[in-house]
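Breakdown of the fold
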Amino acid sequence: MKRLPPPKSIRTSTPGACVRSFSVAIPITVTHPTYPIPMNKKRVLVTGASGLLGHYLIPILKDWEIVVLGRSEECGIQCDLEQKKPHFTDVFSTGFDLVVHAAGTLDNARAISLNLDGTRHLLEGLKEVSVRQFVYISSTDVYGKNEGADITEEDHLWSADKVGQSKALAEEEVRKFCDEMGIICTILRPATMFGKGMKGWGQRMAGQVLVGTYLNVRDADAAVSLVTAYDVARLIPLLAPVGGIYNVTDGLSHSLQDLAMAMGNNRGRAKKPFFLPMKWAKLLGRLGDRLPLIDRILDTRELARRTTSLTFSSRKLREALPDFRFHDTAAVVGRTDTDFPYEDD
């Protein structure tokens with residue numbers, strides 16, 4: 001076998017890079033090499049390690065031998081899943097005790113190539129080795145709903161956008177693969193995740209609140225389901241041996257207006273969002289549909305999101321892990337949860 005160089009530790013959260021050393025509030029440093037280490041450690045393969053969830057997952061798996069798959073040369077396995085299948089037999093021929101497939105995108109332009117084709121490529125590569133447990137990080141986007149209350153795992157999967165479609169089809173590929181290979185399969189459908197490196201509407205909302213351009217709509221507050229990425233990461237090693245499909249939320253229906261207030265209070269910034277009457281909000285939304293500068297503040301699509309409730313039931317998850325304690329996501333955002341391991345930066 002070709003002699004490999006000594007393992008290196010890096011500290012990075014650059015998109016597309018691999019995270020092999022991590023510091024969190026209670027400093028925990030996790031270092032893992034690019035080739036097998038002591039046999040008494042269970043081995044886990046992680047995709048998406050540089051993303052929002054990976055940021056919290058890597059430290060939690062500190063007692064595992066962690067193998068990261070990604071595009072960077074510093075990954076344990078370098079492979080662009082959008083383009084090709086990975087090969088594991090050269091170094092990791094004994095396989096993996098656990099695979100956590102967290103790589104994915106919210107970009108409709110790349111959704112099919114990464115969320116679906118990338119999953120297919122990963123599964124094709126894993127046919128070469130042994131896998132005991134597989135955890136796929138899906139999304140509540142698979143339901144394709146813009147409004148609803150306490151949507152359960154039994155609800156019909158249908159989405160008009162490519163992100164939801166690709167996640168739903170990838171779920172089907174994962175279930176089929178695990179059934180054929182005799183692998184314990186766990187699929188997690190997190191609600192909007194909050195944490196360092198978050199994207200999507202949560203990121204946009206936080207940015208607007210902090211610069212003072214976010215507008216609450218009076219008498220039309222919507223409720224949403226949320227969860228911290230940290231809690232989703234904590235769940236993964238607990239649910240992997242159990243299997244099943246689970247919505248993941250913190251169990252609370254969060255008011256968007258309360259969430260905006262929490263964002264404004266983050267780290268003592270104390271910016272209070274402005275309240276706008278519905279009739280003026282509708283007028284501003286129509287203007288936003290036509291004027292590029294106004295649409296950065298509000299358009300009719302964003303107005304509908306801020307005034308329409310969409311929540312998901314996590315009852316099935318709580319029955320599977322009755323003793324698991326979730327953090328109140330809004331309290332974490334507002335930095336009032338004294339038990340949450342906040343990072344210093």
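Residues numbered from 1 in each chain as written. Predicted model: local features only at pLDDT ≥ 70, side-chain atom pairs only at ≥ 80, totals over all residues. Heavy atoms only, no water.

Scored by pLDDT, the protein has a mean of 87; 87% of the residues are at 70 or more. Low pLDDT, under 50, characterises residues 1–16; the predicted model gives this stretch 29 contacts beyond four residues in sequence or across chains. Ignoring residues within four places in sequence, the model shows residues 19–37, a span with pLDDT below 50, making 67 contacts including any to other chains. (pLDDT = per-residue confidence, 0-100. Contact = heavy atoms within 4.5 Å.)

We now examine the sheet that holds strand β1 (residues 43–47). Taken together, seven strands build an open sheet; the order of strands is β3-β2-β1-β4-β5-β7-β12 and the sheet is parallel. Only two strands of the sheet have a single partner each, and these edge strands are β3 (77–78) and β12 (244–248). (Pairing = 2+ DSSP bridges. Helix = DSSP H or I, 4+ residues; strand = E, 2+ residues; numbered from the N terminus.)

A few words now on the side chain of Gln133. Tracing the backbone through its elements, the reader meets Gln133 in strand β5 (residues 131–137). Among all residues touching Gln133, those that are not within four sequence positions of it are Asp97, Leu98, Val99, Ile183, Ile184, Ala240 and Pro241.

This part covers the environment of Thr47. For Thr47, the location among the structural elements is in strand β1. Along the sequence, Thr47 and Leu69 sit 22 residues apart, while their C-alpha atoms lie 5.2 Å from each other. Not counting residues up to four positions away in its chain, the partners in contact with Thr47 are Leu69, Leu81, Val100, His101, Ala102, Ala103 and Leu122. In terms of polar contacts, Thr47 uses its side chain to reach the backbone amide nitrogen of Ala103, at 3.1 Å. (Polar contact = N/O pair within 3.5 Å; in protein donor to acceptor, adjacent residues only side chain to side chain.)

Time to look at helix α2 (residues 108–126). For α2, which comprises 19 residues, the first-to-last C-alpha distance of 26 Å matches the rise-based estimate of 27 Å (1.5 Å per residue) to within 8%. Along α2, the sharpest kink reaches roughly 30°, centred on Asp117. Of the residues making up α2, those classed as buried are Ala111, Leu114, Asn115, Leu116, Gly118, Thr119, Leu122, Leu123, Gly125 and Leu126. Contact partners of the buried residues in α2: β1, β2 (65–70), β4 (96–101), β5 and α3 (162–181). Here α2 starts with a cap whose side-chain oxygen sits 2.9 Å from the backbone nitrogen of Ala109, and that cap is Asp107. (Expected span 1.5 Å × (residues − 1). Bend = angle between axes of the 7 residues up to and from the residue. Buried < 20%, exposed > 50% of the residue type's maximum accessible area, 1.4 Å probe, protein only.)

Ranked by size, the top nonpolar core spans 50 residues in total, and within it Leu188, Met205 and Leu259 carry the most contacts. In terms of residues, this core owes the most to one element, helix α5 (residues 229–239), which gives six residues. Excluding residues within four positions of it along the chain, Met205 makes contact with Tyr214, Leu256, Leu259, Ala260 and Met263. Residues Leu69, Leu122, Phe134 and Ile245 belong to the second largest nonpolar core, which totals 26 residues. (Core = buried A, V, L, I, M, F, W, Y, C linked by side-chain atoms within 4.5 Å.)

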